[in-house]
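# Topology and contacts: notes
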Amino acid sequence: MSSYRFETRALHAAQSRDGADPGRAVSIARTTAYNFRDTEHAANLFALKELGYIYTRIMNPTQDILERRMADLDGGAAALALASGTSAIFYSIINVCVAGDEIVSSGNLYGGTYTMFSSILPDYGITVRFADPLDIDAVREQITDRTRALYLESIGNPALSVPDFEAWGKLAEEFHLPLIVDSTFTTPYLFRPIEYGAHVVVHSLTKWIGGHGTGIGGVVVDSGTFDWTDPKFTTFNRPDDSYHGVRYAHDLGDLNPVAFAMRMRLVPLRNLGAAISPDNAWLFLQGTETLPLRMERHSQNAKAVAEYLHGHEKVEWVRYPGLFGDPASKRVSRYFPHGAGGMVVFGIQGGKAAGERFINSLKLFSHLANVGDAKSLAIHPASTTHSQLGEEQQRAAGLSPEFVRLSIGLEHIDDILEDIEQALQSS
Ligand SMILES: *Cc1c(COP(=O)(O)O)cnc(C)c1O
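Residues numbered from 1 in each chain as written. Predicted model: local features only at pLDDT ≥ 70, side-chain atom pairs only at ≥ 80, totals over all residues. Heavy atoms only, no water.

### Re the overall build of the chain
- Counting its regular elements, the chain contains 15 helices and 12 strands.
- For the chain, whose C-alpha radius of gyration is 22 Å, the value lies close to the compact-globule estimate of 22 Å for 427 residues.
- Projected onto its principal axes, the C-alpha coordinates of the chain cover approximately 75 × 55 × 35 Å.
- Among the 427 residues that make up the chain, the fraction classed as buried is 56%.
- Counted over contacts in the chain with a minimum sequence separation of 6, partners at least 24 positions apart contribute 71%.
- On the chain, roughly 17,700 Å² of surface is accessible, and the fraction owed to carbon and sulfur atoms is 51%.
- Looking at the chain, you have 37 positive and 50 negative side-chain charges, and the mean spots of the two groups are 2 Å apart. (Helix = DSSP H or I, 4+ residues; strand = E, 2+ residues; numbered from the N terminus. Rg over C-alpha atoms; globule rule 2.2 N^0.38 Å. Buried < 20%, exposed > 50% of the residue type's maximum accessible area, 1.4 Å probe, protein only. Contact = heavy atoms within 4.5 Å. Areas by Shrake-Rupley, 256 points an atom, 1.4 Å probe, with all protein chains shown as cover. Lys, Arg positive; Asp, Glu negative; His and termini not counted. Charge placed at Lys NZ, Arg CZ, Asp CG, Glu CD.)

If you want it as structure tokens, here you go:
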């Protein structure tokens, strides 16, 4: 597949045409378990002497096509699909860290990720040290001899910051740490973090990859390029008693390069259970087929909205990474040549009350807590998605009371702009 271009691989990658399934569309494998050929086959599967289907919590044929397609599109070596983007992030961390370990993370994060990092992981002995993702020296200062991973978002929430990925990649190299990037806002069509030094890429499939607001899912893509034999990575070097003493960095044979994805399937997924349903895996495969077209239009419409809001009398400020003059525009043209995605944020004149009137006056936009739907969406983060943060934390995260977040959909741009205009006039 790798000789084909992205658009072609988005439609075809990982679906075999000469297998047992003659269907042109991918089938949904609605089964919980799989027949063993005989007792030896069963024993070999359980002993990891042979890889194969046992139980759908661990592996499923529809999920497998989704995983191999996502690995292909992101330029990785293997992938693991999970029940949600949130579980993909959680499993990525606990696949590397044990109690006493630390990660260094960008402070500009999705609300749920911030809560996981700041208040849940510490209860289990994993400390997350936050830094401004745009200040690479500040990131470096947070690294200690307990650090086991670096974490950031391709377009940081909520202020849509775009970091210098190569500088983060160099830092990861220098300290021999895996760089984990949540690339939900960019998708593999707009950005492939592995090309700039990332080792693990996480997506919420729920958003643009699914693209239609119909299912929850996540995926973790393993670059296959990180050396896990460094003894500081406890989980990859100590024998696992639950799998006959296997050491994941050493004993997987041909699969050693993808030890990260393998261990995540065999330990967190198998034993903690955030499995994706085959039906949802199928929905996300439908999404991959049209991803390039949709991301182009999302980006084009979002840019038009940002340009419309820029300089509008009712608007205090607007932020879109692809807007001319945006502080990130140099990095955007380097990293995101196909477009800067579908998210636009802006500050409305008149603060919180005007923001509420704006949201309540929208007719075409849906007021809800999601992004990446084919339909246009709007929300006021300070009172919803980020309301679990205190006022101080909100301000630190770049959230002011007048802050409005838009996820621009695929409607005709004139209808989108007319809805925004009438709602601004009512604010
Ligand atoms: C939505 C989202 C998540 C969480 O994904 P779910 O599928 O909702 O669990 C994580 N990161 C980002 C950037 C997101 O937008």
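Structure's up, so let's keep going.
### Topic: unusual backbone geometry
- Going from Asn157 to Pro158, the amide bond is cis rather than trans, its omega being -15°.
- Inspection of the secondary structure puts Pro158 in the loop between β4 (147-153) and α7 (165-174).
- The backbone of Ala14 shows a phi angle near 80°, a positive value even though the residue is not glycine.
- By secondary structure assignment, the location of Ala14 is in the loop between α1 (6-12) and α2 (39-46).
- Residue His244 is not a glycine yet carries a positive backbone phi of 60°.
- Along the chain, His244 turns up in the loop between α9 (234-237) and α10 (259-272).
- The class of His244 is exposed, set by a relative accessible area of 62%.

### Some details on the side chain of Asp101
- Considering the arrangement of structural elements, one finds Asp101 in the loop between α4 (85-94) and β2 (102-106).
- Residue classification places Asp101 among the buried positions, given a relative accessible area of 0%.
- A distance of 2.7 Å separates polar atoms of two side chains, one belonging to Asp101 and the other to Arg146.
- Not counting residues up to four positions away in its chain, the partners in contact with Asp101 are Val96, Gly125, Ile126, Thr127, Arg146 and Arg148. (Polar contact = N/O pair within 3.5 Å; in protein donor to acceptor, adjacent residues only side chain to side chain.)

### Focus on the site of the ligand
- Around the ligand lies a shell of 13 residues, among which Thr86, Asp182, Ser204, Thr206 and Lys207 are the nearest.
- Within the side chain of Thr86, a nitrogen or oxygen atom sits 2.7 Å from an oxygen atom of the ligand.
- Lys207 has a polar side-chain atom sitting 2.7 Å from an oxygen atom of the ligand.
- In the complex, the protein chains occlude 94% of the 380 Å² of accessible area that the ligand would expose alone.
- With three residues, α4 is the largest single contributor of residues to the shell around the ligand.
- Of the residues that constitute the shell around the ligand, the class distribution is four nonpolar, seven polar and two charged. (Near = heavy atom within 4 Å. Nonpolar A, V, L, I, M, F, W, Y, C, P; charged D, E, K, R; others polar.)

### A closer look at the nonpolar core
- By size, the foremost hydrophobic cluster in this structure holds 82 residues, and its most contacted members are Val305, Leu309, Val344, Phe346, Phe358 and Leu406.
- Element by element, the count of residues in this core is highest for helix α11 (residues 278-309), at nine residues.
- Lining this core are residues from two domains, each supplying at least three of them: domain 1 (6-279) and domain 2 (292-426).
- In terms of nonpolar packing, the next biggest core, distinct from the first, is built from 45 residues, Tyr91, Phe117, Val200 and Leu269 among them. (Core = buried A, V, L, I, M, F, W, Y, C linked by side-chain atoms within 4.5 Å. Domains from an automatic or database assignment.)

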